[in-house]
Amino acid sequence: MSSLITSTIDFDANGVQHGYLQLLHSVHRSAYGFIPIPIASIKNGEGPTVLLMAGNHGDEYEGQVILSEMIRTLPLEEVTGQLIFLPMSNFPAAEAGLRTSPLDQGNLNRSFPGNPAGTPTQQIAHYIENTLLERADYLFDLHSGGSSLLYKPTLLISLYGDDPHLAEKQAVEKAFGLPLTLYFERDEIGGFSSAAAFRKGVCSILTELAGGGAVTKGLAREAGDGLKRSLKSIGAISSAPEAAPGRSRAFLEEGSIFATEPGVFEPLADPGEDVKPGQPAALIHQTETPGRPPVELFFEADGVILAKRVPARVVRGDCLFHIGQGERQD
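Residues numbered from 1 in each chain as written. Predicted model: local features only at pLDDT ≥ 70, side-chain atom pairs only at ≥ 80, totals over all residues. Heavy atoms only, no water.

**Re helix H4 (residues 166-176)**
Within the sequence span of H4, burial applies to Lys169, Val172, Glu173, Ala175 and Phe176. For H4, the secondary structure elements touched by its buried residues are strand S6 (138-143), strand S8 (154-159), strand S9 (180-185), strand S10 (203-208), helix H6 (219-233) and strand S11 (249-258). Within two residues after H4, Gly177 carries a phi angle of roughly 75°, on the positive side. (Buried < 20%, exposed > 50% of the residue type's maximum accessible area, 1.4 Å probe, protein only. Helix = DSSP H or I, 4+ residues; strand = E, 2+ residues; numbered from the N terminus. Contact = heavy atoms within 4.5 Å.)

Structure below.
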């Protein structure tokens with residue numbers, strides 16, 4: 001079954017186009033309405049086709065700002081090929097400022113390949129995988145930590161077995177210039193955007209850009225410049241700002257520290273810090289029980305903190321730290 005979503009822009013036309021994907025949605029307020037998912041295209045002759053996504057999770061704002069700025073300011077003559085922008089990919093979630101859609105509780109980045117006749121989130125996933133990625137050579141999916149996590153800006157490189165795009169991904173890693181990179185294995189049948197890209201033969205790159213339910217001062221510009229360098233490195237645009245000198249570190253494994261009890265989380269380390277086994281990681285204060293000492297948690301391996309939890313109140317199973325391990329030595 002083909003998608004029920006229609007587009008107000010012509011993907012085959014040259015030039016700059018702004019419009020919407022129209023997802024039919026019948027509710028009490030509007031019997032024959034549609035959900036307007038913002039989309040833009042900048043197409044200039046022959047070259048790679050790049051899908052640029054943000055708002056996959058609606059409470060992740062840095063990517064939405066970066067893509068909106070690029071749509072407004074990138075000159076047509078600097079593009080070689082086509083850039084397709086989805087700045088609010090899961091529009092209902094992004095409009096509400098929520099990780100998941102308020103319409104169906106759908107997590108877009110767990111919903112691929114989707115369903116053309118399913119819930120709104122399933123329909124969006126199906127359209128992205130089977131219409132947009134079908135056209136694309138590259139995918140950049142810009143994530144951040146959202147409301148619950150704060151990341152040291154990190155590039156995520158998903159590997160699928162003997163990955164045919166590894167060399168391209170490594171070239172983008174150098175061009176983007178984020179402080180940290182995490183390589184990790186994925187399953188090609190998974191519900192992630194990177195798995196959808198792999199199924200379509202598309203080279204995918206993801207980010208985790210700060211977060212905490214805010215936009216960090218200066219980061220949108222810095223990461224936006226990195227995105228432009230990446231697009232230049234794959235031949236999609238003709239110019240990009242130079243990278244500022246700095247050390248970049250890459251990791252081949254990941255780990256996490258989770259809350260073991262409910263309570264109030266006090267972190268004892270911050271993103272970007274190196275940690276060692278046995279080092280104190282966090283205290284979980286049992287404030288509802290006067291006189292009870294806090295639960296102590298410790299790091300279990302050498303690594304660097306990629307992200308820490310932002311909200312203080314936790315329950316058992318909440319992720320407190322995301323950790324990069326097994327540093328790659330160039």
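**Section: the nonpolar core**
Ranked by internal contacts, the top residues of the largest apolar core, which has 36 residues, are Val50, Leu52, Leu83, Phe85, Phe140, Leu227 and Leu231. Ranked by residue count, the leading element in this core is H6, at five residues. (Core = buried A, V, L, I, M, F, W, Y, C linked by side-chain atoms within 4.5 Å.)

**Digging into the pairing of strand S18 (residues 319-327)**
In terms of strand pairing, S11 meets S18 through seven bridges, oriented antiparallel. Residue pairing in the sheet places Gly255 in a bridge with Ile323 of S18. The pairing of strand S16 (residues 303-309) with S18 spans four bridges and is classified as antiparallel. Bridge pairing in S18 places Val304 opposite Gly324. (Pairing = 2+ DSSP bridges.)

**Details of the side chain of Ser3**
In this fold, Ser3 is placed in the segment before strand S1 (6-7). Side-chain polar atoms of Ser3 contact the backbone nitrogen of Ile5, separated by 3.0 Å. (Polar contact = N/O pair within 3.5 Å; in protein donor to acceptor, adjacent residues only side chain to side chain.)

**Points about the packing of aromatic side chains**
Scanning the entire structure with this criterion turns up three aromatic pairs. Members of the aromatic cluster, connected to one another through ring pairs, are Phe265, Phe299 and Phe321. (Phe/Tyr/Trp six-rings, centres within 6.5 Å; stacked < 30°, edge-to-face > 60°.)

Function cannot be inferred from these measures alone, as they are strictly geometric.
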